[in-house]
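Okay, here's what each chain looks like letter by letter:
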Amino acid sequence: MKLKNINIEEQMKHYNVPGISITLLENGQISGTENYGLLEVDCGRKVNENSIFSSCSISKFLTGMIAIKLIEEGLLDLDEDINTRLVSWKVPENEFTKNRSVTLRNLLSHQSGIKDPEGSFSELNSKIGVPSMVDILEGKTPYCKAPIKVQCEPESEFHYSDAGFCVVQQLIEDVTEKPFYQVVNELIFKPLRMKNSHLNTTSMLEMDKKEFSCGHNKNGELVDGKYPIYPYQAASGLWTTSLDLARLVLELLDALKGESKIGISERLAKEMITPQKGKSWTGLGVFLEGSERELEITSLGWGVGFQCMMVAFSHIEKGAVIMTNAELGVHQMEGIIGDIYKSLMA
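Residues numbered from 1 in each chain as written. Predicted model: local features only at pLDDT ≥ 70, side-chain atom pairs only at ≥ 80, totals over all residues. Heavy atoms only, no water.

A.B. asks: Which residues make up the pattern of salt bridges, and what values do they have?
C.D. replies: Applying the stated criterion across every chain yields a total of 20 salt bridges. Across the pair Glu26 and Lys318 runs a salt bridge, and its minimum N-O distance is 3.2 Å. One end of the pair, Glu26, is in strand S1 (residues 19-26); the other, Lys318, is in strand S8 (residues 318-324), with 292 residues separating them in the sequence. Residue Lys318 is classed as partly exposed on the basis of its relative accessible area, which comes to 25%. Between Glu138 and Lys140 there is a salt bridge, with its nearest N and O atoms 2.8 Å apart. Residue classification places Glu138 among the partly exposed residues on the basis of a relative accessible area of 30%. Lys140 gets classed as exposed once you look at its relative accessible area, which sits at 59%. Bridged by salt links that share partners, the residues Asp254, Lys257, Glu259, Lys261 and Glu317 form one connected network. (Salt bridge = Lys/Arg side-chain N within 4 Å of Asp/Glu carboxyl O. Helix = DSSP H or I, 4+ residues; strand = E, 2+ residues; numbered from the N terminus. Buried < 20%, exposed > 50% of the residue type's maximum accessible area, 1.4 Å probe, protein only.)

A.B. asks: Break down the packing of aromatic side chains for me, with residues and values.
C.D. replies: Under the counting rule described, the total for this entry stands at 9 aromatic pairs. Pairing Phe53 with Phe306 gives two aromatic rings, centres 6.4 Å apart and planes at 85 degrees, and the pair type is edge-to-face. Here Phe306 lies in strand S7 (residues 306-313) and Phe53 lies in strand S3 (residues 53-54), a separation of 253 residues in the sequence. Assigned by exposure class, Phe53 and Phe306 land together as buried. On the numbers, 6.5 Å between centres and 40 degrees between planes, the contact of Tyr230 with Tyr232 is tilted. The two residues Tyr230 and Tyr232 agree in class, both being buried. Over the face of the ring belonging to Tyr227 we find Lys209, whose NZ or CZ atom lies 5.6 Å from the ring centre. (Phe/Tyr/Trp six-rings, centres within 6.5 Å; stacked < 30°, edge-to-face > 60°. Lys NZ or Arg CZ within 6 Å of the ring centre and 35° of its normal.)

A.B. asks: Run through the environment of Asn217, naming residues and quoting values.
C.D. replies: Looking at where Asn217 falls in the secondary structure, it is placed in the loop between helix H7 (201-206) and helix H8 (233-236). Residues contacting Asn217, with those up to four places away along its chain left out, are Asn16, Val223, Ala326 and Glu327. (Contact = heavy atoms within 4.5 Å.)

A.B. asks: Outline the pairing of strand S6 (residues 296-303), listing residues and values.
C.D. replies: Most of S6 sits inside the fold, with 6 of its 8 residues counted as buried. In this structure, strand S5 (residues 287-289) lies alongside S6, joined through 3 bridges in antiparallel fashion. Paired with Glu289 across the strands is Glu296, a residue of S6. Counted between consecutive antiparallel strands, the loop separating S5 from S6 contains 6 residues, among which Gly290 sits at a positive phi close to 75 degrees. Between S6 and S7, which follow one another and run antiparallel, lie 2 residues, and Gly305 among them has a positive phi close to 85 degrees. (Pairing = 2+ DSSP bridges.)

Structure follows, in structure tokens:
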């Protein structure tokens, strides 16, 4: 994939975007990284290939990959009742779970019947401190004031859900008996050399932020707190570089042809990009468009101060990761990310 007929600096001025990092994949390998602008408005820190952005909900793609890896190891199962392996918290039984249990497949494809309570899953308030996942799921924190429960029969409806991925995080912590970030570090970040990727909320608060980008609003102004961190690692907690994220995309493309570096089988990699339960647009932790040789795999991130996108085409082994440090208030396709995407597709 190549950028064509676009002046990125001009578009950045037009949209008030201080900084952008783009990594492209071509012929099944990373072909290059392009970096523009600043990590913080009115400051000399320039974006480079080690610059760390909030990936927001692209974290769900990472969570899909770690779940698939743990299925490969026999620690998880896509289609059993997740209460079988949950220990610290259980999905409450109710009239909607009588005939059909919640499964990992349901959760990863946003079809578990769990809906996010209104006004939930905001960025971390450092005065409150980092909440436990069980407290979040039980509705005992300001981040999610209502207990998480199934609100329609699993597989009957699609509801995009951060809460569902919080359940996946708790499940992974229960079966591995380790914190989620540690499992990801050991099984994904280290083997794929994703050395600039971070999930540990507590250590991120104390970390030197010189390589971290600040978040900005649609006017290009700094957001409150500068570095909005989400304490739901599996749903939206990943801070990473476009280059590291491209390594993860490449791992999926490699796994799809039976060449995974971390031991994911071709069969399970294909399951990840297969439409789930009759919904053509949702795989496991990723979204889909088109089919067969035209299949487009995407993941979008949108949070306070940041917007980003991952896109991959498995049959032609191409892809791109676009990370920006401004939240434009419009869908990615209607802002600078959409302009860059269109130039790549031209």
